[in-house]
Amino acid sequence: QDKLECDHSLAWAKEKATKQGLEQGLEQGLEQGKIDIIENLIRNTDFSDDTIASMTGVDQRLMRKARIMMSPIIGEPEAMQYRN
């Protein structure tokens, strides 16, 4: 009976870990999709960051992250102003 309980607990733990991993992957994928849209709007329009954030429904944190990711060198002065 102890082995059965152990097997059941192990199966439950694996299922929970798998579900958490899938959820985390989905969240990361959705965020990356938003960043891709933000980057396209930055490159192809004259909209301000506030306008882009409003249009896409993202917060300023994600706008800063997109700006940093767009910089070819993370330490570049242009990207540094968006850190924090």
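Residues numbered from 1 in each chain as written. Predicted model: local features only at pLDDT ≥ 70, side-chain atom pairs only at ≥ 80, totals over all residues. Heavy atoms only, no water.

A. Broad picture of the pattern of salt bridges. With the rule as written, the count across this model stands at four salt bridges. With a closest N to O distance of 2.7 Å, D49 and R67 form a salt bridge. One end of the pair, D49, is in helix α2 (residues 49–56); the other, R67, is in helix α3 (residues 60–70), and 18 residues separate them in sequence. Here the salt bridges do not stand alone but share partners, grouping E31, R61 and K65 into one network. (Salt bridge = Lys/Arg side-chain N within 4 Å of Asp/Glu carboxyl O. Helix = DSSP H or I, 4+ residues; strand = E, 2+ residues; numbered from the N terminus.)

B. Structural context of helix α1 (residues 2–44). Between its first and last C-alpha, α1 extends 63 Å over 43 residues, near the 63 Å set by a 1.5 Å rise per residue. Of the residues making up α1, those classed as buried are I35, I38, E39, L41 and I42. At its buried positions, α1 is contacted by α2 and α3. (Expected span 1.5 Å × (residues − 1). Buried < 20%, exposed > 50% of the residue type's maximum accessible area, 1.4 Å probe, protein only. Contact = heavy atoms within 4.5 Å.)

C. Geometry of the packing of α2 against α3. Taken N-terminus to C-terminus, the directions of α2 and α3 make an angle of 115°; their axes are 10 Å apart at the nearest point. As for the relative orientation of α2 and α3, their crossing is right-handed in sense. For the pair α2 and α3, contact is made by D49, D50, I52 and A53 and by Q60, M63 and R67, respectively. (Axes fitted to C-alpha atoms, helices over the stretch in contact; angles between N-to-C directions. Left-handed = near helix turned anticlockwise from the far one by under 90°.)

D. Main features of the side chain of D49. With a relative accessible area of 15%, D49 lands in the buried category. At 2.7 Å, the side chain of D49 forms a polar contact with the side chain of R67. (Polar contact = N/O pair within 3.5 Å; in protein donor to acceptor, adjacent residues only side chain to side chain.)

E. Fine view of the nonpolar core. Grouped together as the largest cluster of nonpolar side chains are 10 residues: I35, I38, L41, I42, I52, A53, V58, L62, M63 and A66. When contributions to this core are tallied by element, the ones reaching two or more residues are α1, α2 and α3. Element by element, the count of residues in this core is highest for α1, at four residues. Look past the residues within four positions of I42 in its chain and what remains in contact with it is I52, M63, R67 and M70. (Core = buried A, V, L, I, M, F, W, Y, C linked by side-chain atoms within 4.5 Å.)

F. Seen up close, the side chain of E39. As for its placement among the helices and strands, E39 is situated in helix α1. Those residues within four positions of E39 in sequence are excluded, and the remaining contacts are A66, M69 and M70.

G. Quick look at the packing of α1 against α2. It is the contact of α1 with α2, at a shortest axis distance of 11 Å, that shows an interaxial angle of 140°. By the angle class used here, α1 and α2 are oblique. Handedness of the crossing formed by α1 with α2: right-handed. The residues of α2 that touch α1, namely those facing I37, I38, L41 and I42, are I52, M55 and T56. For the contact of α1 with α2, the per-class residue count stands at six nonpolar, one polar and no charged. (Parallel < 35°, antiparallel > 145°, perpendicular 65-115°, else oblique. Nonpolar A, V, L, I, M, F, W, Y, C, P; charged D, E, K, R; others polar.)

So yeah, pure geometry; function would need other evidence.
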